[in-house]
Amino acid sequence: MANKYIISFVLFFIVFSVKAQKDLFVKAENEIVRLSEIVYSAETDKEKIEANEKLIDELYKIISHKKSMRFGFEQLEHISVLEPEDKSIRIFTWAMHYKSDLFQYFGMIQYYDKKQRAQVVHVLRDESHRIKNEESKILTPDYWYGALYYDIITTEHEGRTYYSLLGWDGHTVKSDKKIIDVLWFDNAKQLKFGAPLFVSDQGIQNRFILEYNELASVVLEYKSKSKIILFDHLEPVDGESFEVKTSYVPTLNYNGFIFKKGKWNLLKRLEPTELK
């Protein structure tokens, strides 16, 4: 009889703990939703900045919890949440749009470090305004080429996993960017952004960037069945201003990248209707 009571107590304690834990995550998620709505739609930059500082604190605190990788954060409408199929890592990104029409990006990366037996959280710091020749740079979470990520693609080569991230950047008042960046761990298990994987007419690059007129609609998307990253071929609208990125628009031709032998190799003149 005593064993029966002990088992009942243990089961009650487990159920109570699980519910309390879920309530903790739901409460935190609701607060993050509230703050992100202010960051997205507040009338003044001051309101956005104050709410964003609280949002960063709240998100960091909750995703540092050892059980947080199990919580879906499915209600975060203004925050992108991406993870690969194996759910080994998760990336949060969001944008703050200032009254000057410029954007700043924020983000966090979380994963479980088996060696340390601990939840690891990296805060991403957008330093894109300082970074020159960005296609050639290997960067870190503390020195990040900021973007709002909307897709993640996992590839492997020679025992190393690469997470290719498709993103958007409202670069200036006259031009936007679509970006493919690469997230990976180096031999010291440190996170890096950018890797020499992109083979194109410009040679080998660490990240791929399309810059174009801010009024243009540009495709950059992954076709999962074909395993091709499809994107618009861009040219200056006047056919001459090749140095002026704000003049670039889609030509109705499409190129792409396919991952072979450890590289994203360029494919030209693709027919998007034939890709899935």
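Being a predicted model, the structure only gives us computed values, none of them experimental. (Residues numbered from 1 in each chain as written. Predicted model: local features only at pLDDT ≥ 70, side-chain atom pairs only at ≥ 80, totals over all residues. Heavy atoms only, no water.)

Asker: Explain the overall build of the protein chain to me, please; I cannot follow it from the model alone.
Answerer: The helix and strand inventory of the protein chain stands at two helices and 15 strands. Taken along its principal axes, the extent of the C-alpha atoms in the protein chain is 85 × 50 × 40 Å. Here the protein chain holds 276 residues, and 43% of them are scored as buried. As displayed, the protein chain offers around 16000 Å² of accessible surface, 53% of which is attributable to carbon and sulfur atoms. Positive and negative side-chain charges in the protein chain, numbering 39 and 41 respectively, have mean positions lying 9 Å apart. (Helix = DSSP H or I, 4+ residues; strand = E, 2+ residues; numbered from the N terminus. Buried < 20%, exposed > 50% of the residue type's maximum accessible area, 1.4 Å probe, protein only. Areas by Shrake-Rupley, 256 points an atom, 1.4 Å probe, with all protein chains shown as cover. Lys, Arg positive; Asp, Glu negative; His and termini not counted. Charge placed at Lys NZ, Arg CZ, Asp CG, Glu CD.)

Asker: Would you mind going over the pattern of salt bridges with me for this structure?
Answerer: Applying the stated criterion to the full structure yields ten salt bridges. Residue Asp 142 is joined to Arg 125 by a salt bridge in which the shortest nitrogen-to-oxygen separation is 3.7 Å. One end of the pair, Asp 142, is in the loop between strand 4 (118–125) and strand 5 (148–157); the other, Arg 125, is in strand 4, with 17 residues separating them in the sequence. Accessibility expressed as a relative area gives 45% for Arg 125, which makes it partly exposed. (Salt bridge = Lys/Arg side-chain N within 4 Å of Asp/Glu carboxyl O.)

Asker: What is the right way to read the sheet that holds strand 13 (residues 228–236) from this model?
Answerer: Sheets are built from strands that pair by backbone hydrogen bonding, the pairs being arranged parallel or antiparallel. The strand order across the open sheet formed by six strands is 10-9-15-14-13-12, and the pairing between neighbours is mixed. Either end of the sheet is taken by a strand with one partner, and the two such strands are strand 10 (203–205) and strand 12 (220–223). Each adjacent strand pair in this sheet contributes to an overall mean axis angle of 35 degrees, direction not counted. Pairing geometry for strand 9 (residues 198–200) and strand 15 (residues 263–270), over two bridges, is parallel. Of the residues in strand 15, the one forming a bridge with Phe 198 is Trp 264. (Pairing = 2+ DSSP bridges. Axes fitted to C-alpha atoms, helices over the stretch in contact; angles between N-to-C directions.)

Asker: So what exactly am I meant to see when it comes to helix 2 (residues 45–63) here?
Answerer: Because an α-helix packs 3.6 residues into every turn, residues spaced three or four apart end up facing the same way. The first and last C-alpha atoms of helix 2 sit 26 Å apart over 19 residues, in line with the 27 Å expected at 1.5 Å per residue. The set of residues buried in helix 2 consists of Lys 48, Ala 51, Asn 52, Leu 55, Glu 58, Leu 59, Ile 62 and Ile 63. Taken down its axis, helix 2 places every buried residue within 135 degrees of arc, on the same side. Across helix 2 from its buried face, at more than 90 degrees, point the exposed residues Lys 46, Lys 54, Asp 57 and Lys 61. (Expected span 1.5 Å × (residues − 1). Arc of directions from axis to C-beta.)

Asker: In this structure, what is going on with the environment of Ala 28? I would like to understand it.
Answerer: Looking at where Ala 28 falls in the secondary structure, it is placed in helix 1 (residues 2–41). When the C-alpha positions of Ala 28 and Gly 170 are compared, they lie 29 Å apart, and in sequence the two are 142 residues distant. In this structure Ala 28 touches Glu 58 and Ile 62, once residues within four positions along its chain are discounted. (Contact = heavy atoms within 4.5 Å.)

Asker: Even after reading the chapter, I still don't get the pairing of strand 13, so can you show me in this structure?
Answerer: Consecutive residues of a regular strand have side chains that alternate between opposite faces of the sheet. Of all nine residues that make up strand 13, seven are buried, and the element is covered over most of its length. The sheet contact formed by strand 12 and strand 13 spans four bridges and is antiparallel. Its bridge partner lying in strand 13, Glu 221 is registered against Leu 230. Remark: four residues form the turn of the hairpin made by strand 12 and strand 13, two consecutive strands paired antiparallel; Lys 227 in that turn has positive phi of roughly 60 degrees.

Asker: Is there a simple way to explain the packing of aromatic side chains in this structure?
Answerer: For the structure on display, the rule yields 14 aromatic pairs. Ring centres of Phe 71 and Phe 73 lie 4.9 Å apart, and the angle between their planes is 90 degrees; on these two criteria the pair is classed as edge-to-face. One exposure class covers both Phe 71 and Phe 73, and it is buried. Pairing Phe 208 with Phe 231 gives two aromatic rings, centres 4.8 Å apart and planes at 50 degrees, and the pair type is tilted. Highlighted residues: Phe 208 in strand 11 (residues 208–213) and Phe 231 in strand 13, separated in sequence by 23 residues. Phe 231 carries the same exposure label as Phe 208, and that label is buried. Here a set of aromatic residues connected by ring pairs shows up, and it is made of Phe 25, Phe 71, Phe 73 and Phe 92. Of note, Lys 245 hangs over the ring of Tyr 248, and the distance from its end group to the ring centre comes to 4.7 Å. (Phe/Tyr/Trp six-rings, centres within 6.5 Å; stacked < 30°, edge-to-face > 60°. Lys NZ or Arg CZ within 6 Å of the ring centre and 35° of its normal.)

That is the geometry; function is a separate question.
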